[in-house]
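Here is what each chain is made of, one letter per residue.
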Amino acid sequence: MATFQGDLPDLTQTAAPVGENLASVYIETYGCQMNVYDSQAINGLLEGAGYNIVQHDLEADVILLNTCSIRDLAEHKVISRVGELRHRRTKTEMPQPVIGVCGCMAERMGKDLRKGKRRVDLVVGVDNYDTLPGLISKLTAKTIPQHAHERRTVTGHRSDAHYVAPPSLYPINNSHLVTIHKGCDYKCTYCIVPYTRGPQSEKSPEAIIEEISGIVAGGGREVTLLGQNVTAYNWQQNMDFAKLVEEVAEIDGLERIRFLTGHPTDMHPHLMDTIGRLEKVCPWLHVPVQSGSDRVLRRMKRLYTSGQYLEMVDYARQAIPNVTFSTDFIVGFPGETEQDFQDTLEVTRKVKYDQAFCFKYSERPGVPAAKLNDDVPDVEKKRRLAELLAVQEETWNAVADTCVGQVWPGVVEGQAKHQSKPGQDDGQKGPFWRLRTSNNRKIIVSADELKIGAELKARINGYKNTSFLGELQD
Ligand code: SAH
Ligand code: SF4
Ligand code: F3S
């Protein structure tokens, strides 16, 4: 595990102002929450350097797309978005913006993004965002011709590049994301992340505590500790994730701690005991199983069997009161047979997940699984995906049915999109608000005005998909 010692470069709030007439920048985010966090950090770096961050692409001189490479489709979306953004300017007879690609695609494709019809002007990988203020300044300077031979592709991993998103910029109402480590050392055979994000490298516990203390000082009450495998956190081999969580829980004024993602092999009994013991740690585990077949799990290099996974779930149910589970699944991995797929359905039925994020296998260039024959036809992948979703829905509905009539505490997160449609009236009128329970269940309630962050109680009357419909109790 790559950790580092000594002084860190200051990648936090500000960079020196880089010139007059600074450009307007619009940032669009794709992919996982690590990218949401990084976009906030980029926002902070650019604002600190004097740039004007805008909320609409047509207002911007510079458009940054913070991208994801996890599946083929995620990359296609971005390439077509570049074409669309260019087209919007041509149509409105506005000057073309500088378009930059950040994030995982920048790292995976590098200079290739600067070629072809949909080429972009700037490519900056995940560990080089501190170069953005200077690069953008050069590309938008009126005195330098746009086609000057500037360095426009900056990629490559730096273990020292731990960015910090300024808490004041964070838009989510009451769960502040805090990235605690980056990269991944697991190398599951299908996955591009170890290549795009590089080796695992931890943010120091001091930096994490300082960041969270800042969030709390600014009024934040809840954090989500983020990483590809937060449970593999091990600062200089002597502070593991359980110990880190204990330290974070000591922060006065912090009320709730969530974390994403847990790797099933790192869910040791002592970690689950710690989660169960600490009141501030929310009883919700996102522990992606990927497949229920031991043969497939071995070929994926997931490091556990379905039996070990189910034992972990059983232990968690004992150790962590009210614990809920969510997962990711991949269907149609190379060589996955109908029996392998049935084993996956079996795990779904046994665990009874609150939520399952299900994906069709997508071959990524250069990863070990790319050498295997992608032999499950797309139509079969689609069928398995639909069947898995149907089994998940059926299993979830049975769980949700047992919740009706219960009264749960939840924290107000904000207004909800839920609408009572004519003919499907659940007896309540808007405006609707969303509460979240500590075990990550959403409850929609109706009320004229609620205070964001307030803890209230709701009686569960029913549910729609994964949201419960509730009624506030006194
Ligand atoms: N670090 C997390 C998840 C990372 S990516 C973990 O270890 O579980 C999020 C999800 O995308 C993965 O859990 C997996 O289900 C899915 N995924 C990753 N690579 C994929 C691929 N090549 N094709 C389809 N889905 C993929
Ligand atoms: Fe990808 Fe596996 Fe690492 Fe998760 S643990 S990011 S799936 S390589
Ligand atoms: Fe996508 Fe990169 Fe996250 S590939 S899922 S944005 S780590």
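Residues numbered from 1 in each chain as written. Chains lettered and ligands numbered in written order. Predicted model: local features only at pLDDT ≥ 70, side-chain atom pairs only at ≥ 80, totals over all residues.

As for the sheet that holds strand β7 (residues 176-179)
Going by this rule: For two strands to be treated as a pair, DSSP must find at least two bridges joining them. Each helix corresponds to a stretch of at least 4 residues labelled H or I by DSSP, and each strand to a stretch of at least 2 residues labelled E; elements are numbered beginning at the N terminus. For helices, the fitted line uses only the C-alpha atoms of the stretch in contact; every axis is such a line through C-alpha atoms, and the angle between N-to-C directions lies from 0 to 180 degrees. Residues are scored as being in contact if the C-beta atoms we place from backbone atoms lie within 7 Å.
As summarised here, the arrangement of the 3 strands in space is β7-β10-β13, forming an open sheet in which the pairing is parallel. At either end of the open sheet lies a strand with only one pairing partner, and these are β7 and β13 (256-260). Mean inter-strand twist for the sheet, computed between neighbouring axes without regard to direction, equals 25°. In this sheet, strand β10 (residues 222-226) lies alongside β7 in parallel orientation, the contact comprising 4 bridges. When the sheet's bridge partners are listed, valine 178 is paired in β10 with leucine 225. Lying over the sheet, helix α1 (residues 33-48) contacts β7, β10 and β13, oriented at roughly 95° with respect to β7. Of the strands in this sheet, β7 and β10 touch helix α6 (residues 205-217), which is tilted by about 170° from β7.

Description of the domain arrangement of the protein
Cut-off, in case you're wondering: For the domain bounds, the source is a domain assignment made automatically or taken from a database. Under the scheme applied here, ten amino acids are nonpolar (Ala, Val, Leu, Ile, Met, Phe, Trp, Tyr, Cys and Pro), four are charged (Asp, Glu, Lys and Arg), and all others, including Gly, are polar.
Each assigned domain of the protein is listed here: domain 1 (24-154), domain 2 (168-400) and domain 3 (407-473). Each side of the interface is counted separately: domain 2 has 14 residues, and domain 3 has 11 residues. Across the side of domain 2 that touches domain 3, the residue classes tally to 6 nonpolar, 5 polar and 3 charged.

Quick look at the site of ligand 3
Put simply, the test is: In this analysis a residue is considered near a molecule or strand if the C-beta atom, reconstructed from its backbone, is found within 6 Å of that molecule or strand.
Taken together, 13 residues lie near ligand 3, and Gly31, Cys32, Cys68, Ile70 and Cys104 sit nearest. Among the residues making up the shell around ligand 3, the classes are represented as 7 nonpolar, 5 polar and 1 charged. Shared between two domains, the shell around ligand 3 takes at least three residues from each, and those domains are domain 1 (24-154) and domain 2 (168-400).

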